[in-house]
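So the chains spell out like this:
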Amino acid sequence: MQRLALGISYNGSSWQGWQKQHHGYTLQDKLEIALNRFAGSGRRISTVCAGRTDARVHAAIQVVHFDTLTTRCLDSWVRGVNT
């Protein structure tokens, strides 16, 4: 198992904040969907954030980490998840 950290930036104008909510329109919801699609390991990836934003708030460098069994080069994680 490896732990990876991300520094993410986003315009939060269209989002309902960082933290997961039942309606699923948050940055954490969408990032975890992208990570799970890219990792394809069958094990669910959950993220841990070093803070959170409210609805319509932007972030310059928000630090998020996750654990995974999937092994890929770091550049692949960036390109694959962004895609």
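Residues numbered from 1 in each chain as written. Predicted model: local features only at pLDDT ≥ 70, side-chain atom pairs only at ≥ 80, totals over all residues. Heavy atoms only, no water.

Overview of unusual backbone geometry
Heads up, the condition is: Counting from the N terminus, the helices are the DSSP runs of H or I reaching at least four residues and the strands are the DSSP runs of E reaching at least two.
Despite not being glycine, arginine 56 shows a phi value in the positive range, around 65 degrees. Among the secondary structure elements, arginine 56 is positioned in the loop between strand E2 (47-49) and strand E3 (59-68).

Digging into the sheet that holds strand E1 (residues 2-10)
Applicable threshold: One requirement defines pairing of two strands: DSSP has to find at least two bridges between them. Axis lines are fitted to C-alpha atoms, over the contacting stretch for helices. Their N-to-C directions set the angle, which ranges from 0 to 180 degrees. We call two residues contacting when some pair of their heavy atoms lies within 4.5 Å.
Taking strand neighbours across the sheet as the criterion, the 3 strands line up as E1-E3-E2 in an open arrangement whose pairing is antiparallel. The two strands at the open ends of the sheet, each matched to only one other strand, are E1 and E2. Strand-to-strand twist across the sheet, computed as the mean angle between neighbouring axes with direction ignored, equals 30 degrees. Relative to E3, E1 is paired through 8 bridges, and the arrangement is antiparallel. Paired with tyrosine 10 across the strands is alanine 59, a residue of E3. Packed on one face of the sheet, helix H1 (residues 27-39) meets E1, E2 and E3 and runs near 140 degrees to E2.

Focus: the layout of surface pockets
Quick reminder of the rule: Grid points spaced at 1 Å and placed over the protein atoms alone form the basis of the search, with a cavity being a set where a 1.4 Å probe fits but cannot get out and a pocket an open set showing protein on both sides within 12 Å along at least five of seven lines. Lining residues have an atom within 4 Å of a point. Grid points are joined across faces, edges and corners, and a volume is the space filled by probe spheres set on the points. By the convention adopted, Pro, Cys, Tyr, Trp, Phe, Met, Ile, Leu, Val and Ala count as nonpolar, Lys, Arg, Asp and Glu as charged, and the other residues, Gly among them, as polar.
Put simply, the largest pocket is a space of about 350 Å³. As for the largest pocket, its lining consists of 16 residues, of which Leu6, Ile8, Leu31, Val81 and Asn82 are closest to the centre. A per-element tally of the lining of the largest pocket places H1 first, with 5 residues. Residues belonging to the lining of the largest pocket are distributed by class as follows: 13 nonpolar, 2 polar and 1 charged.

Read these as layout, nothing more, since geometry by itself doesn't imply function.
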